[in-house]
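Breakdown of the fold
Residues per chain are reported as follows:
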Amino acid sequence: MERVGSVISWIFSFKVYVLLPVLFFIIALVSRMPLGKALLQSLKVGIGFAGVFLIFDAFLGSMHPAVSAMVQARHLNFPIVDAGWPPLAAITWSSWIAPLIIILVLLVNVVMLLIRWTTVFYIDIWNYWHFALIGSMLLAVGIPLPVALAASLASAILVFKMSEMTTPYVQKETGIVGVSISPLTVAGFAPWGIAVNALIDKIPGLRRLSWNPSRSKGPWAVLGEPMIIGFFMGLLFGYLAAYELKQMFEMAIKIAAIMFLLPHCGALIGEATGYISQAASDRMAPLFGGRPISIAMDTGFLMKNPSVIVTGMLLMPISLALAFILPGNQVLPAGDLPNLMSIFSIIALISGGNVIRAVIISIPVIISFLYIATSLGPLITELAQKAGTLTGVSEGSALIVSSFTDGGNPVRFWIFELFRANVPALIGILPMAFLLWFAYKKSKTVGIQSETREPTDTNP
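Residues numbered from 1 in each chain as written. Predicted model: local features only at pLDDT ≥ 70, side-chain atom pairs only at ≥ 80, totals over all residues. Heavy atoms only, no water.

1. A closer look at the overall build of the protein
- Looking only at helices and strands, one finds 18 helices and six strands in the protein.
- Against the compact-globule benchmark of 23 Å for 460 residues, the protein has a radius of gyration of 21 Å, which places it among compact chains.
- Over its C-alpha atoms, taken along the principal directions, the protein stretches across nearly 60 × 60 × 45 Å.
- Taking all 460 residues of the protein together, 57% fall into the buried category.
- The long-range fraction of contacts in the protein, counting pairs at least 24 apart against all pairs at least 6 apart in sequence, stands at 81%. (Helix = DSSP H or I, 4+ residues; strand = E, 2+ residues; numbered from the N terminus. Rg over C-alpha atoms; globule rule 2.2 N^0.38 Å. Buried < 20%, exposed > 50% of the residue type's maximum accessible area, 1.4 Å probe, protein only. Contact = heavy atoms within 4.5 Å.)

2. Remarks on the sheet that holds strand β3 (residues 179–181)
- Here three strands make up an open sheet; going across it, the order is β2-β4-β3 and the pairing parallel. Two strands lie at the open edges of the sheet, namely β2 (120–121) and β3, each paired on one side alone.
- Of the pairings in the sheet, the one linking β2 to strand β4 (residues 294–297) comprises two bridges and is parallel in character. Bridge pairing links Phe 121 to Ile 295 in β4.
- Against the sheet, helix α11 (residues 245–284) makes contact with β2, β3 and β4, and its axis sits at roughly 140 degrees relative to β4, the strand it touches most. (Pairing = 2+ DSSP bridges. Axes fitted to C-alpha atoms, helices over the stretch in contact; angles between N-to-C directions.)

3. Overview of the pattern of salt bridges
- Summed over all chains, the structure comprises seven salt bridges.
- Lys 444 is paired through a salt bridge with Glu 164; the nearest N and O atoms lie 3.7 Å apart. Of this pair, Lys 444 sits in helix α18 (residues 429–450) while Glu 164 sits in helix α7 (residues 145–174), and the two are 280 residues apart along the sequence.
- Each of Lys 161, Glu 164 and Lys 444 takes part in salt bridges that share partners, so that together they form one network. (Salt bridge = Lys/Arg side-chain N within 4 Å of Asp/Glu carboxyl O.)

4. Observations concerning the side chain of Ser 42
- Within the secondary structure, Ser 42 sits in helix α3 (residues 35–73).
- When neighbours within four sequence positions are excluded, Ser 42 is seen to be in contact with Pro 21, Phe 24, Phe 25 and Ile 276.

5. Brief notes about the packing of aromatic side chains
- Under the definition given, this model contains 15 aromatic pairs.
- Geometrically, the ring pair formed by Tyr 17 and Phe 53 is edge-to-face, given 5.7 Å between the ring centres and 70 degrees between the ring planes. Within this pair, whereas Tyr 17 is found in helix α2 (residues 16–30), its partner Phe 53 is found in helix α3, the two being separated by 36 residues in sequence.
- Take Tyr 17: its relative accessible area is 29%, and that puts it in the partly exposed class.
- On the accessibility criterion, Phe 53 (24% relative accessible area) is partly exposed. (Phe/Tyr/Trp six-rings, centres within 6.5 Å; stacked < 30°, edge-to-face > 60°.)

6. Quick word on the sheet that holds strand β5 (residues 331–332)
- Strand order in the open sheet formed by three strands is β5-β1-β6, with parallel pairing between adjacent strands. In the strand order of this sheet, the two ends are held by β5 and β6 (400–402), each with one partner.
- Of the pairings in the sheet, the one linking strand β1 (residues 80–82) to β5 comprises two bridges and is parallel in character. From the neighbouring strand, Val 81 faces β5, where its bridge partner is Leu 332.

7. Some remarks on the side chain of Glu 417
- By secondary structure assignment, the location of Glu 417 is in helix α16 (residues 410–418).
- Among the residues examined, Glu 417 registers a relative accessible area of 11% and is labelled buried.
- Once residues lying within four places of it in the same chain are set aside, the contact partners of Glu 417 are Asn 422 and Ala 425.

8. Some details on a nonpolar patch on the surface
- A cluster of nonpolar side chains, Trp 10, Phe 14, Val 18, Val 22, Ile 26 and Val 30, forms an exposed patch at the surface whose accessible area comes to about 560 Å².
- Looking at the nonpolar patch, the element that brings in the most residues is α2, giving four residues.
- Its place among the elements puts Val 18 in helix α2. (Patch = residues over 30% accessible without salt bridge, like charges linked within 9 Å, V, L, I, M, F, W, Y side chains within 5 Å. Areas by Shrake-Rupley, 256 points an atom, 1.4 Å probe, with all protein chains shown as cover.)

9. Some words on a positive patch on the surface
- On the surface, Lys 202, Arg 207, Arg 208 and Lys 442 cluster together to form a positively charged patch.
- Mapped onto the elements, Arg 208 comes out in the loop between α9 (190–200) and α10 (226–240). (Lys, Arg positive; Asp, Glu negative; His and termini not counted. Charge placed at Lys NZ, Arg CZ, Asp CG, Glu CD.)

10. A short note on the packing of helix α6 (residues 129–140) against α7
- In the contact formed by α6 and α7, the axes pass within 8 Å of each other and the chain directions differ by 155 degrees. Considering the angle they form, α6 stands roughly antiparallel to α7. In the crossing of α6 with α7, the sense of the turn from one axis to the other is right-handed. For the pair α6 and α7, the contacting residues are Phe 131, Ala 132, Ile 134, Gly 135, Leu 138 and Leu 139 in the first and Leu 145, Ala 148, Ala 151, Ser 152, Ser 155, Ala 156 and Val 159 in the second.
- Across the contact of α6 with α7, the residue classes tally to 10 nonpolar, three polar and no charged. (Parallel < 35°, antiparallel > 145°, perpendicular 65-115°, else oblique. Left-handed = near helix turned anticlockwise from the far one by under 90°. Nonpolar A, V, L, I, M, F, W, Y, C, P; charged D, E, K, R; others polar.)

11. Some points on the pairing of β4
- Side-chain alternation along β4 places Ser 294 and Ala 296 on one buried face and Ile 295 and Met 297 on a second face that is also buried.
- One ladder, built from three bridges, connects β3 with β4; its direction is parallel. Bridge pairing in β4 places Ile 181 opposite Met 297.

12. Brief notes about the environment of Val 196
- Along the chain, the position of Val 196 falls in helix α9.
- Val 196 sits in the buried class, given a relative accessible area of 16%.
- Remark: the alpha-carbon pair of Val 196 and Ser 362, spanning 166 residues in sequence, is separated by 9.8 Å.

13. Topic: the environment of Ile 26
- Residue placement: Ile 26 occurs in helix α2.
- Given a relative accessible area of 46%, Ile 26 falls into the partly exposed group.
- As a C-alpha pair, Ile 26 and Met 303 span 277 residues in sequence and 25 Å in three-dimensional space.

Here it is as structure tokens:
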């Protein structure tokens, strides 16, 4: 196992934008796509994801100093630092349990495909760290290894089914066939989004509120452009950070540029994955009784959708405002702010691109992020200290770190508490089962409708 662990650690030392093109190239060749086309489309996937990562790094490079300046200028006190999701991934990959979980999750996915328990081929192995993190957290609080492994596998099975729910919404809103959304932190909100969206449909007045940047027309439509939203968000954050006028406008232009470039990277990924996933689905369908198989992958291909980008942008200042006013919260969102575009992408799709509805559905989730990230701060700090993966967080350090979105994820937190035999988590099994059943049934009706409707997304 030690040798296997070393090999897996070496594989995962490569960035996701290196791993994914290799995987897609193999899938394309197995699907009998011509060599030249397979190479071109796979390379587009890698270039697109590399672009998304570079853009998010630039975004964080602008946002993090602004949030830090905001804390000083407004005399705010938040004792827990939002370090973002990368430290959690690093903690997980440094754990000895990670290689074992990767192998087991792959086996479970293949078995579920063979016995027709899922239609999702979960190729996004880089995001397996979400499953391994649960096992690492349980081991850290003294839970036996078999229970920790069971929790990681249970989370994977749940995510396979929730990822399956996303497939018809991806097809309906983007026109991409045979692709579903993979990360636990995104697909995990599909049941919530589907249920609350259905509830809003029943509320007079509220159900009529609509703003879809993809469909907006007229003289005010320009205000729905991601780059325009980015410009005004840059001005807002610059003002809150007490920047001088020059700094404020420089930040606004940078954010606007980022919002202009991001959809182009998303479109590149979407185009390439569309070709390969269709070929793979056609090739694999006979192996699984003629059923259509979807490829689960990260959300980079959705960054071409204006509603996804605008929803995430609007939720950034809302997250900060909630952090200021919620009693008992000790985390100020910073490192994970850019991640909001990815996290709530599925809710934007489920809402049919209606940004107003997507924001309403997302606010309770953000509130849960803040309180859970506050609660898990000490445990995440302990894991970071033991792993030595975060600068400034060593044994005996007074610094407390957490992650706003990944550390505060309510789906992972529920599974974590469930396998600790926490009574409220056990009570939550029935409501969760009903929510999953309702969302799964609803997604199937959307799948039928999406076969006869044109996609609502527009290319940049």
